[in-house]
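Chains, contacts and geometry: an overview
Take a look at the letters that make up each chain.
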Amino acid sequence: LLATSVVSAQIGIGAGPSFMMEFGNNKPFYGLHLKVEKPRNNDVVFYGRATYLFNQNKSTSLTPLTAVANDPNAPLSSISVDFNQLSSIGYFMIDGGTRYYLINGFDDGWSLYGGTNLGLIVNMVKYGYEFGEYDSQNYTLYAGDFAETRDKGSIIRLAVGFTGGVKYTKPGLGTFYLDVNPHLTIFGIPSNQNIPGSIYRPVFFNFNIGYRRELYR
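On a predicted model such as this, the values are computed, not experimentally measured, just so you know. (Residues numbered from 1 in each chain as written. Predicted model: local features only at pLDDT ≥ 70, side-chain atom pairs only at ≥ 80, totals over all residues. Heavy atoms only, no water.)

A few words on the nonpolar core. M20, F29, Y91, I121, V125, I195 and I199 are the most contacted members of the largest nonpolar core, which has 14 residues in total. Elements with a contribution of two residues or more to this core: strand 4 (78–103), strand 5 (109–131) and strand 7 (150–170). Once residues within four sequence positions are removed from consideration, I195 is found in contact with V125, Y127, G153, S154, I155 and P190. L65, A67, F131 and A143 belong to the second-largest nonpolar core, a separate cluster that totals 10 residues. (Core = buried A, V, L, I, M, F, W, Y, C linked by side-chain atoms within 4.5 Å. Buried < 20%, exposed > 50% of the residue type's maximum accessible area, 1.4 Å probe, protein only. Helix = DSSP H or I, 4+ residues; strand = E, 2+ residues; numbered from the N terminus. Contact = heavy atoms within 4.5 Å.)

So, about the pairing of strand 4. Across 21 bridges, the pairing between strand 3 (residues 44–69) and strand 4 is antiparallel. In the strand pairing of strand 4, S61 is matched with N84. Pairing between strand 4 and strand 5: 19 bridges, direction antiparallel. Bridge assignment links Y100 to a residue of strand 5, and that residue is G114. (Pairing = 2+ DSSP bridges.)

Before going further, it helps to examine the packing of aromatic side chains. Across all of its chains, the model carries nine aromatic pairs by this definition. With a centroid separation of 4.9 Å and an interplanar angle of 15 degrees, the aromatic rings of F19 and F207 are classed as stacked. Highlighted residues: F19 in strand 1 (residues 9–22) and F207 in strand 9 (residues 203–216), separated in sequence by 188 residues. On the basis of relative accessibility, which here comes to 26%, the residue F207 falls in the partly exposed class. Taking the centre distance of 5.3 Å and the plane angle of 55 degrees together, the rings of F176 and Y211 count as tilted. (Phe/Tyr/Trp six-rings, centres within 6.5 Å; stacked < 30°, edge-to-face > 60°.)

We now examine the side chain of H33. Mapping H33 onto the fold places it in strand 2 (residues 29–39). Judged by its relative accessible area of 5%, H33 falls in the buried class. A polar side-chain atom of H33 sits 2.9 Å from a polar atom in the side chain of S18. A polar atom in the side chain of H33 sits 2.7 Å from the side chain of Y177. Among residues more than four places away in sequence, those in contact with H33 are G14, A15, G16, P17, S18, R49, A50, T51, Y177, N208 and I209. (Polar contact = N/O pair within 3.5 Å; in protein donor to acceptor, adjacent residues only side chain to side chain.)

Structure representation (structure tokens):
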């Protein structure tokens, strides 16, 4: 009689760097992630992940404003004044879902994996406006509803997406992995209704590189 014992991972804990590209924004975000994977079997895994992306500062040029001369006999009756929107936004995201492993599965060797996920996103936002230099003694700037001020708030969003990646596992050593996670946000709830919608993007691509350690029973 030959008895065979199969050892499988009870849980996997991973971490590593992350970066994200928003659709329509050429400047990436950088940060870190921490994840937990719980195998249902060697091919199907439930996972949860927390990702923090550091703040990114932006300055966006808007349509110039008009400053009118106080003296009607001035050489120039009006001048254009530069008008910029300033913003700083960071990401904290929790996402989770099911992953399906192909080829060698969760526990050994090279594997491809993919699946769907849901995410909760919290954006930490600072925003405001600034005007270019002009002769404020001789000209009056008509800024309308805008003021040269700073404010802050947060945005809570739900997101849906999917995962695709590749990993290599060496039993006793651990797993190295690389994956990409496109997301689409469903809606956003700002803490301050004055937060401009142009600060954040509804579609983004999250990339993760990391090391996972398997804990065996």
